[in-house]
Amino acid sequence: MSGREIMVTIKFHLNLIEYVGKQELMLTVKREETLESLLRSAGIPVDLVGLTTKNGSWCPLTSTVEPEDVFEVFPFMMGG
Amino acid sequence: VVNLKIVRVDMRTKEVTSLVHENYRYLGGRALTSKMTLDEVDPGCEPLGRLNKLFIAPGLLAGTNASSASRLSVGGKSPLTNGIKEANSGGIIGQKLARAGVRAIVLEDKNDDGNLYVLKIDKEGTTLVEQNELKGLGTHDTTDALLKKYGKDTAILCVGPGGERGLRSAAIALNDPYGELKFAARGGLGAVMGAKGLKAIVVDDAGLNELEFHDREKFMEASKSLNSQLLNDPKTKDVYQKFGTSGIVKAVNAMGALPTNNFRHGRFDQVDGICGETLYENVVKRGGAGKTGIACMRGCVIKCSNVYPDVNGEKIVSTLQYENISLLGSNLGIGNLDDVARLNHEVNDIGLDTIEAGAALGVALDMGMGKFGSVEDCMALLNEIRRDTVIGRMIGNGAKITGEVLGSDRIPASKGQGFPGYDPRALKGNGVTYAMSPMGADHTAGNCFGARNEVNPIGTTEQGELSKKIQGQMSTLDSLGFCIFARNPIFSDPSLMVSLVNNLTGSDFDEKTIWDIGLETVSVEREFNLAAGISPAYDRLPEFCYNETLDSVNCTFDLTDEEMEKAVID
């Protein structure tokens, strides 16, 4: 891992798991990457993504990654 | 279009009249119930008294084969908020009423002969039938008895003992194609129906098909496109048909908005026990009566309902949804879906709104009437309602009355109505809706949860505009009879909605005109509320939301008055 590379974790929920084949990905990525670009690289159709959180708080898809970040990604859906 | 009959039932004289009413030609669902409430109901009336009326209207597109578009609205002055209210639901009665040519049923005055009545609509006409044997029956037994008497394909709309007793959180139950119950729940409109002496409405549309199309072929083309887009949306099969709305439990928890222990916390440490994944796993593993992917209206391709079974595969409840899980689960500290399902079934059978019941129970537990996490304590309190004790009447009258009787200074309610399953401090757009909407704390009036990637849910800007936009959109969908889950294709291609409306009714509306139906409806509702004395001073959340930091998001509800006022629709 070079100085510009960091480790992040992404946890997927519901049908999004099927796109990556597992509930959780640990990735080595560049610092300037956004969550959106990571999801696209992982094969997640971004238009299916609803709520995203970073370290337990809401974050937009444009969030950039920091060392040891933990993201959670939920599909877009509504409550009844 | 000939489904323009307004059926009026005077519950005192038992006179039934049926007139075509051209003035309401292009209004259906919520737009119609709200306009008629403004036109005909004295805003100062007692909601359970003679002067209030109950309006029952299928959405404008009801009865057609457009997917998810046959919801039924009920409306009138709410005994819970003392303002205008509309609640809508799936079920089969919206379709059957439309096919019977009925645009609306209006229940007027109230019965004073001590008998209980059923309103029967079929090819022979509309009649009131005395059925005292239904007195005190729960919604399930009532529905079963009526299906047995009138035929298994009839549509039923009924109240339980809660409605008969005038409990202000009483709901109205409707059967789905499989005999399971759905509820037009919010605002206590079941109490209005019960107070009038009407136990049920039965509709048999055999031999009736009065729905006509201005241009059937073009309508079918638009309908086919809508249905196909919904079917091809990955959410339909992979999310809604598996998990239903329970699929959002973990997401709401992750954003810190899951009501926990009477809205004291925004995350629940037992969330894994009540989430959608667990629901689906239990249904699959237990088998038997358990099912997911059930349509609540004929022809709906989304199919988000379920039957939740016990460990032996016997049905506990249908359908277990997000709101029920959050208000009867985490809000009461209960982390087991079987327990939530049992509470849910009991509330359904008494015929109450599960959201209001969960909010009222939360307040009661918070004030020492039981322990959070104890399903036995919660069931005992529900049993007080069943036995019609004073404590039961307190809880059955909703969160606000429960809190006031018990001396609580933190009642999660706005305009008299209990909060639904999103803490407004963690999803501030919904807080705006709870405070500013004429409907009071009702997420269906403008749920900002689905807009979470557009606006920071705990940010202090853009919330007013967001709530206003969604309030208008939801009101239009409610008026057309659409389920909110059908919104994606409609929002991405509104010409579909235009084509459906114009080719059914013969109107010449453009997109803006149809969206404006929603805004005009909210404006009508606000006008009624102002006349009823619900001034802008009531456009607020309870004080604890402004003073008490929600631990999950470390903030209060801190929007400025200026931001809130952006959501006013007048």
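Our structure is the block above this text.
Chemist: What is the right way to look at the overall build of chain B in this model?
Modeler: Along the backbone of chain B there are 22 helices and 17 strands. Based on the C-alpha atoms only, the size of chain B along its principal axes is roughly 55 × 50 × 50 Å. Expressed as a percentage of the 570 residues in chain B, the buried residues total 66%.

Chemist: What exactly am I supposed to notice about empty space enclosed by the protein here?
Modeler: Unfilled space is identified by rolling a water-sized probe across the atoms. All names here are of chain B. A complete count under the given rule lists four cavities of 30 Å³ or more for this structure. Here the second largest cavity defines a volume of roughly 50 Å³. Broken down by element, the residue count for the lining of the second largest cavity peaks at three residues, all from helix H20 (residues 511–531). Classifying every residue of the lining of the second largest cavity gives five nonpolar, three polar and three charged.

Chemist: Help me understand the sheet that holds strand S1 (residues 5–12) of chain A, please; the structure alone is not making it clear to me.
Modeler: In sheet architecture, strand pairing relies on hydrogen bonds along the backbone and comes in two forms, parallel and antiparallel. All names here are of chain A. The strand order S2-S1-S5-S3-S4 describes an open sheet built from five strands, whose pairing is mixed. Across the chains shown, the open sheet's two edge strands, defined by having one partner strand only, are strand S2 (24–30) and strand S4 (57–58). For strand S3 (residues 49–54) and S4, the ladder comprises two bridges, and the chain directions are antiparallel. Bridge pairing links lysine 54 to serine 57 in S4.

Chemist: Is there a simple way to explain the sheet that holds strand S7 (residues 117–122) of chain B in this structure?
Modeler: Residues and elements named next belong to chain B. The sheet built from six strands is open, its strands ordered S8-S7-S12-S9-S10-S11 with mixed pairing. Looking at the sheet topology across the chains shown, the edges are occupied by strand S8 (125–130) and strand S11 (181–184). Neighbouring strand axes in the sheet, compared pairwise and without regard to direction, differ in orientation by 20° on average. Packed onto the sheet, helix H3 (residues 139–150) meets S7, S8, strand S9 (155–158), strand S10 (172–175), S11 and strand S12 (198–203) and runs at close to 145° relative to S9.

Chemist: How should unusual backbone geometry be read in this particular structure?
Modeler: It is generally the case that most residues other than glycine have a negative phi and that most peptide bonds are trans. Residues and elements named next belong to chain B. Cis geometry is adopted by the peptide bond preceding threonine 319, which originates at serine 318 and carries an omega value of 0°. The phi dihedral of serine 68 is positive, around 60°, even though this residue is not glycine. Within the element layout of this structure, serine 68 appears in the loop between strand S3 (54–58) and strand S4 (72–77). Exposure remark for serine 68: the relative accessible area of 2% places this residue in the buried category.

Chemist: Just checking my understanding: could you explain the packing of aromatic side chains for this structure?
Modeler: The description of an aromatic ring pair rests on the distance of the ring centres and on the angle between the ring planes. Residue and element names in this part refer to chain B. Tallied over the full model, the rule gives ten aromatic pairs over all chains. Taking the centre distance of 5.7 Å and the plane angle of 40° together, the rings of tyrosine 422 and phenylalanine 449 count as tilted. With a gap of 27 residues between them, tyrosine 422 in the loop between strand S17 (417–418) and helix H16 (428–436) and phenylalanine 449 in the loop between H16 and helix H17 (463–480) connect regions that are remote in the sequence. The residues tyrosine 422 and phenylalanine 449 share a single accessibility class, namely buried.

Chemist: How should I be thinking about the environment of aspartate 122 of chain B in this particular structure?
Modeler: Residue and element names in this part refer to chain B. Considering the arrangement of structural elements, one finds aspartate 122 in strand S7. It is 28 Å that separates the C-alpha atoms of aspartate 122 and leucine 352, two residues lying 230 residues apart in sequence. A distance of 3.1 Å separates the side chain of aspartate 122 from the side chain of lysine 120, its partner in a polar contact.

Chemist: Whenever I open this one, the interface of chain A and chain B confuses me. Can you help?
Modeler: By a widespread convention, an interface's size corresponds to the accessible area lost as its parts come together. At the junction of the two partners, chain A supplies 23 residues and chain B supplies 33 residues. When the two sides are added together, the surface that chain A and chain B hide from each other amounts to roughly 2400 Å², 62% of it contributed by carbon and sulfur. The interface formed by chain A and chain B holds one salt bridge in total. Note that glutamate 18 of chain A and lysine 242 of chain B form a salt bridge whose closest N and O atoms lie 3.5 Å from each other.

Calculation rules
Residues numbered from 1 in each chain as written. Chains lettered and ligands numbered in written order. Predicted model: local features only at pLDDT ≥ 70, side-chain atom pairs only at ≥ 80, totals over all residues. Heavy atoms only, no water. Helix = DSSP H or I, 4+ residues; strand = E, 2+ residues; numbered from the N terminus. Buried < 20%, exposed > 50% of the residue type's maximum accessible area, 1.4 Å probe, protein only. 1 Å grid on protein atoms, 1.4 Å probe; cavity = no way out; pocket = protein on both sides within 12 Å on 5 of 7 lines; lining within 4 Å. Points joined across faces, edges and corners; volume = space filled by probe spheres on them. Nonpolar A, V, L, I, M, F, W, Y, C, P; charged D, E, K, R; others polar. Pairing = 2+ DSSP bridges. Axes fitted to C-alpha atoms, helices over the stretch in contact; angles between N-to-C directions. Contact = heavy atoms within 4.5 Å. Phe/Tyr/Trp six-rings, centres within 6.5 Å; stacked < 30°, edge-to-face > 60°. Polar contact = N/O pair within 3.5 Å; in protein donor to acceptor, adjacent residues only side chain to side chain. Buried area = accessible area lost by both parts, 1.4 Å probe. Salt bridge = Lys/Arg side-chain N within 4 Å of Asp/Glu carboxyl O.

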